[in-house]
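Single-letter residue listing:
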Amino acid sequence: MTHHGHFHWNELMTRDIEGAKRFYIDALGWSWEGMPMPDGTYWCALADGEMVAGLFDISGKDEYKDVPAAWMAYIAVDDVDDRVAKAQSAGATIMGPPFDVPGVGRIAMVMQPDGAMIGWMTPSDEPMPQ
């Protein structure tokens, strides 16, 4: 389990999922495993069989219309909801309510006061559903 305050996951926010998959297959030799989600498939990158990153499709999502394609890091936090409240008090914008991903954790997308994006997550102790 990743400890509070440590980086936990990296994700490419992109509008070109297939192009990104091809690029990382060709450039790094990654393979891809799809994870069904309520709004489509989330793609996990595998290096030597180990999950190392993900692809998040930002196309067609109004809240991300002004967000450029970019890599985003996620920091493990002890309690996403509590930390989101503290972040808002400190001037952050929360991109949407925290949400749960079974077997992954509870996640929030936070925009710092200067506009930089970061993901926070309380990692799950449960295994990912098959």
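This is a predicted model, so every value here is computed, not measured.

A. Examining helix α2 (residues 80-89) more closely. Among all positions of α2, only Val80, Val84 and Ala87 are buried. An end-on view of α2 places all buried positions within 60° of arc, on one side of the element. Where α2 is buried, its residues contact β6 (93-94), β8 (105-111) and β9 (117-123). Where α2 begins, one side-chain oxygen reaches toward the backbone nitrogen of Asp81, 3.1 Å away; that side chain belongs to Asp79.

B. Structural context of the layout of surface pockets. Volume-wise, the largest pocket comes out at about 840 Å³. Around the largest pocket, the lining comprises 35 residues; the ones closest to its centre are Glu11, Met37, Tyr42, Phe99 and Val101. Where the lining of the largest pocket is concerned, the elements lending two or more residues are β1 (7-14), β2 (31-37), β3 (40-47), β4 (50-57), β7 (99-101) and β8.

C. Main features of the nonpolar core. Counting 17 residues, the largest nonpolar core has Met13, Tyr64, Tyr74 and Met109 as the members making the most contacts within it. Listing elements by their share of this core, those giving two or more residues are β1, β3, β5 (70-76), β8 and β9. Here Met13 is in contact with Phe56, Ile58, Tyr64, Val67, Pro68, Ala69, Ala70, Met72 and Met109, once residues within four sequence places are set aside. Counting 12 residues, the second largest nonpolar core, distinct from the first, contains Ala73, Ile75, Val84 and Ala87.

D. Quick look at the side chain of Glu11. By secondary structure assignment, the location of Glu11 is in strand β1. As a buried residue without a salt bridge, Glu11 has its nearest oppositely charged side chain in Lys61, at a separation of 9.7 Å. At a separation of 2.6 Å, a polar atom in the side chain of Glu11 contacts the side chain of Tyr42. When neighbours within four sequence positions are excluded, Glu11 is seen to be in contact with Tyr42, Gly54, Leu55, Phe56, Ala70, Trp71, Met72, Tyr74 and Met109.

How each quantity is defined
Residue numbers restart at each chain and count upward from 1, following the sequence in its written direction. Only residues with pLDDT of at least 70 are given local features in this predicted model, and only at 80 or more are side-chain atom pairs given and counted; all residues enter the totals for whole chains, interfaces and linings. Only hydrogens and water are set aside; all other atoms, that is, all heavy atoms of the structure, feed into the side-chain values. Exposure classes here rest on a 1.4 Å probe applied to the protein chains alone. A residue is buried below 20% of its type maximum, exposed above 50%, and partly exposed in between. Here a strand is any run of E in DSSP of at least two residues, a helix any run of H or I of at least four, and the numbering for each starts at the N terminus. Each direction from the helix axis to a C-beta atom contributes to the arc, which is the arc of those directions. Any two residues whose heavy atoms approach within 4.5 Å are treated as being in contact. Polar contacts, as used here, are pairs of N or O atoms within 3.5 Å; protein pairs need one atom able to donate a hydrogen and one able to accept it. Residues neighboring in sequence count only if both atoms are side-chain atoms. Both cavities and pockets are sets of points on a 1 Å grid over the protein atoms alone; in a cavity a 1.4 Å probe fits but cannot get out, in a pocket the set is open with protein on both sides within 12 Å along at least five of seven lines, and lining residues sit with an atom within 4 Å of a point. Grid points are joined across faces, edges and corners, and a volume is the space filled by probe spheres set on the points. Note on terminology: a nonpolar core comprises buried Ala, Val, Leu, Ile, Met, Phe, Trp, Tyr and Cys residues joined through side-chain atoms within 4.5 Å. As used throughout, the charge tally considers Lys and Arg to be positive and Asp and Glu to be negative, leaving His and the chain termini uncounted. Should a side-chain nitrogen of Lys or Arg be within 4 Å of a carboxyl oxygen of Asp or Glu, the pair is scored as a salt bridge.

In short, geometric facts, not functional conclusions.
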